[in-house]
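Fold and geometry: a report
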Amino acid sequence: GVLRIRGKGRFEVPPLVLNEPKLRLTVRPEREGTVVLLPASSIDPRPTTLFRLEAGELTLDGLQFAVKPGEKADTAAVVAVAGGKRCEFKRCVFT
C-alpha cells in the first residue's frame, strides 16, 4: 500500500511499529514539496526512531527526516530494523 502525506512542512510522528509479514508499505508526499518527519516529542520526550520494522517491507520516498538522540539515548534512527525483509530510502534527506 501507499501512505501519502498531505500538506507541506514539519510533521511530528509517533513511533510506528510495522509487524505484518505481508506488509509492503511506501510512504511519500502526496504532492511535490517539503515534508519533514520528526519524532513526536509530546508523546515520548526521548524517542530515538520513527519506524520500527519487525516484518514486511518499507519504502520511504521523497521525504526529509529530522532526528536527534533523546535525553537517555546516544543514537537516533529513522528506522530500526528488527526482522523486516527490506527498508529502502529514495530521494530522502536526513538532518
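Above this text sits the structure in question.
1. Considering the layout of surface pockets
- One number sums up the size of the second largest pocket: a volume of about 160 Å³.
- Lining the second largest pocket are 14 residues; nearest its centre among them are P29, E32, G33, G62 and R91.
- Residue composition of the lining of the second largest pocket, grouped by class: four nonpolar, four polar and six charged.

2. With respect to the side chain of D61
- Turning to its location among the elements, D61 is positioned in strand β7 (residues 57–61).
- In this structure the side chain of D61 is engaged in a polar contact, spanning 2.9 Å, whose partner is the side chain of R91.

3. A word on the packing of aromatic side chains
- Per the stated rule, a full pass over the model turns up three aromatic pairs.
- Seen from their ring centres, F65 and F89 are 6.3 Å apart, and the 85° between their planes marks the pair as edge-to-face. Here F89 lies in strand β10 (residues 86–90) and F65 lies in strand β8 (residues 64–65), a separation of 24 residues in the sequence.
- On the accessibility criterion, F89 (36% relative accessible area) is partly exposed.
- Ring centres 5.3 Å apart and planes at 75° place the aromatic pair F89 and F94 in the edge-to-face group.
- Joined through ring pairs, the aromatic side chains of F65, F89 and F94 make up one cluster.

4. Examining the sheet that holds strand β11 (residues 93–94)
- The strand order across the open sheet formed by four strands is β2-β5-β8-β11, and the pairing between neighbours is parallel. Of all the strands in the sheet, just β2 (9–13) and β11 have a single pairing partner and so form its edges.
- Pairing of strand β5 (residues 35–39) with β8, which is carried by two bridges, proceeds in the parallel orientation. Its bridge partner being in β8, V36 is matched across the sheet by Q64.

5. Describing the pattern of salt bridges
- Applying the stated criterion across every chain yields a total of seven salt bridges.
- Note that E57 is salt-bridged to R24, the shortest N-O span being 3.9 Å. In this pair, E57 is assigned in strand β7 and R24 in strand β4 (residues 24–29), connecting sequence segments 33 residues apart.
- Here R24 falls in the exposed class, since its relative accessible area comes to 59%.
- As a salt-bridge pair, E54 and R52 come within 2.8 Å of each other at their nearest N and O atoms.
- Take E54: its relative accessible area is 29%, and that puts it in the partly exposed class.
- Where salt bridges share partners, they join R24, E57, R86 and E88 into one cluster.

Conventions used here
Residues numbered from 1 in each chain as written. Predicted model: local features only at pLDDT ≥ 70, side-chain atom pairs only at ≥ 80, totals over all residues. Heavy atoms only, no water. 1 Å grid on protein atoms, 1.4 Å probe; cavity = no way out; pocket = protein on both sides within 12 Å on 5 of 7 lines; lining within 4 Å. Points joined across faces, edges and corners; volume = space filled by probe spheres on them. Nonpolar A, V, L, I, M, F, W, Y, C, P; charged D, E, K, R; others polar. Helix = DSSP H or I, 4+ residues; strand = E, 2+ residues; numbered from the N terminus. Polar contact = N/O pair within 3.5 Å; in protein donor to acceptor, adjacent residues only side chain to side chain. Phe/Tyr/Trp six-rings, centres within 6.5 Å; stacked < 30°, edge-to-face > 60°. Buried < 20%, exposed > 50% of the residue type's maximum accessible area, 1.4 Å probe, protein only. Pairing = 2+ DSSP bridges. Salt bridge = Lys/Arg side-chain N within 4 Å of Asp/Glu carboxyl O.

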